[in-house]
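The residues making up each chain are set out below.
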Amino acid sequence: MRLPHAIEILVNAFERLPGIGPKTAARLTFYLLHTPQDYLDRFGEAIINLKKNTVECSLCHNIVQEDPCSICADSHRRRKIICVVEQPMDVVSLERTNHFNGVYHVLHGEINPLQSIGPEEIKIASLLERVREDKKLQEVILATDSGMEGEATAMYIKKELVLINQKRTNKFKITRMGQGLPVGADLEYADELTLQRALEGRRKY
Ligand SMILES: [Zn+2]
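Residues numbered from 1 in each chain as written. Predicted model: local features only at pLDDT ≥ 70, side-chain atom pairs only at ≥ 80, totals over all residues. Heavy atoms only, no water.

Enquirer: Now, about the nonpolar core: what can you tell me, with residues and values included?
Expert: Generally speaking, a soluble globular protein has its nonpolar side chains buried in company with each other. In this structure, Val85, Leu94, Leu142, Leu161 and Met177 are the most contacted members of the largest nonpolar core, which totals 42 residues. For this core, the secondary structure elements donating two or more residues are helix H4 (70-73), strand E3 (78-85), helix H5 (88-97), strand E4 (102-106), helix H6 (124-133), strand E5 (139-142), helix H7 (148-166) and helix H8 (192-200). In terms of residue count, the dominant contributor to this core is E3 (5 residues). For leucine 94, the contacting residues outside a window of four places in its chain are Cys83, Val85, Tyr104, Met177, Leu187, Leu195 and Leu199. (Core = buried A, V, L, I, M, F, W, Y, C linked by side-chain atoms within 4.5 Å. Buried < 20%, exposed > 50% of the residue type's maximum accessible area, 1.4 Å probe, protein only. Helix = DSSP H or I, 4+ residues; strand = E, 2+ residues; numbered from the N terminus. Contact = heavy atoms within 4.5 Å.)

Enquirer: Tell me about the sheet that holds E5, residues and numbers included.
Expert: Sheet strands line up and pair through hydrogen bonds in the backbone, either parallel or antiparallel. The sheet built from 5 strands is open, its strands ordered E4-E3-E5-E6-E7 with mixed pairing. Strand pairing shows two members of the sheet lacking a second neighbour, E4 and strand E7 (203-204), which therefore form its edges. Where E3 meets E5, 4 bridges bridge the pair, whose relative direction is parallel. When the sheet's bridge partners are listed, isoleucine 82 is paired in E5 with valine 140. Packing against the sheet, H6 makes contact with E3, E4 and E5, and its axis sits at approximately 150 degrees to E4. (Pairing = 2+ DSSP bridges. Axes fitted to C-alpha atoms, helices over the stretch in contact; angles between N-to-C directions.)

Enquirer: Which residues make up the packing of H6 against H7, and what values go with them?
Expert: Running from N to C, H6 and H7 point in directions that differ by 25 degrees, and their axes come no closer than 11 Å. With respect to each other, H6 and H7 are oriented roughly parallel. Crossing of H6 over H7 shows right-handed handedness. Contacts from Ile124, Leu127, Leu128, Val131 and Arg132 of H6 reach H7 at Tyr156, Ile157, Glu160, Leu161 and Ile164. Looking at side-chain class alone, the contact of H6 with H7 contains 8 nonpolar, no polar and 2 charged residues. (Parallel < 35°, antiparallel > 145°, perpendicular 65-115°, else oblique. Left-handed = near helix turned anticlockwise from the far one by under 90°. Nonpolar A, V, L, I, M, F, W, Y, C, P; charged D, E, K, R; others polar.)

Enquirer: Got a sec to walk through the pattern of salt bridges? Specific residues and values, please.
Expert: By the definition in use, this model includes 8 salt bridges. Between arginine 2 and glutamate 8 there is a salt bridge, with its nearest N and O atoms 3.1 Å apart. Residue glutamate 8 is classed as partly exposed on the basis of its relative accessible area of 23%. With a closest N to O distance of 2.9 Å, arginine 77 and glutamate 95 form a salt bridge. Placement of arginine 77 in the loop between H4 and E3 and of glutamate 95 in helix H5 is noted, with a sequence separation of 18 residues between them. Judged by its relative accessible area of 10%, arginine 77 is buried. Judged by relative accessible area, glutamate 95 falls into the partly exposed class, the value being 25%. (Salt bridge = Lys/Arg side-chain N within 4 Å of Asp/Glu carboxyl O.)

Below you can see the structure in the form of structure tokens.
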């Protein structure tokens, strides 16, 4: 006996999500079968509008409602300090600390040779472009995760930044956020106080 087509389609769709195997995909699908139709309508609509109603900020690459995003457009933010993070959720976490008044650059990932993700696959080129163009830049904070890939990403970017710095008279600082963050920790899961301390305790890199 085969499953109804509608069920098969959804099971397959769930299976494509990270961390979800065939069993979980089936469990989620059958769970949804037992929820009211209006919940399913809203669920479906949320998925349909997910990309339609969001845009990538052309400056910092954060996923937002308007381009440029409210942070890049805010004249009270210090544009001379760029905090480099891996994911949009990291921006949300850092904003919650209320202790950062600079701007961001979202990489959308980390360098991971095992998954064939090289520097070209994430937003490093546009970061370097931003840095090159801004002759008054004061600081770049590397706030990638503290795991192996996050460290490798920070290291790669640092190397490129040092080269840019060598060619200019107006040097900027390169710092690494991490103190207080557990090794291997994802930024987005850190609590506000830990993040605040990590931000304040950033060191020359
Ligand atoms: Zn932006």
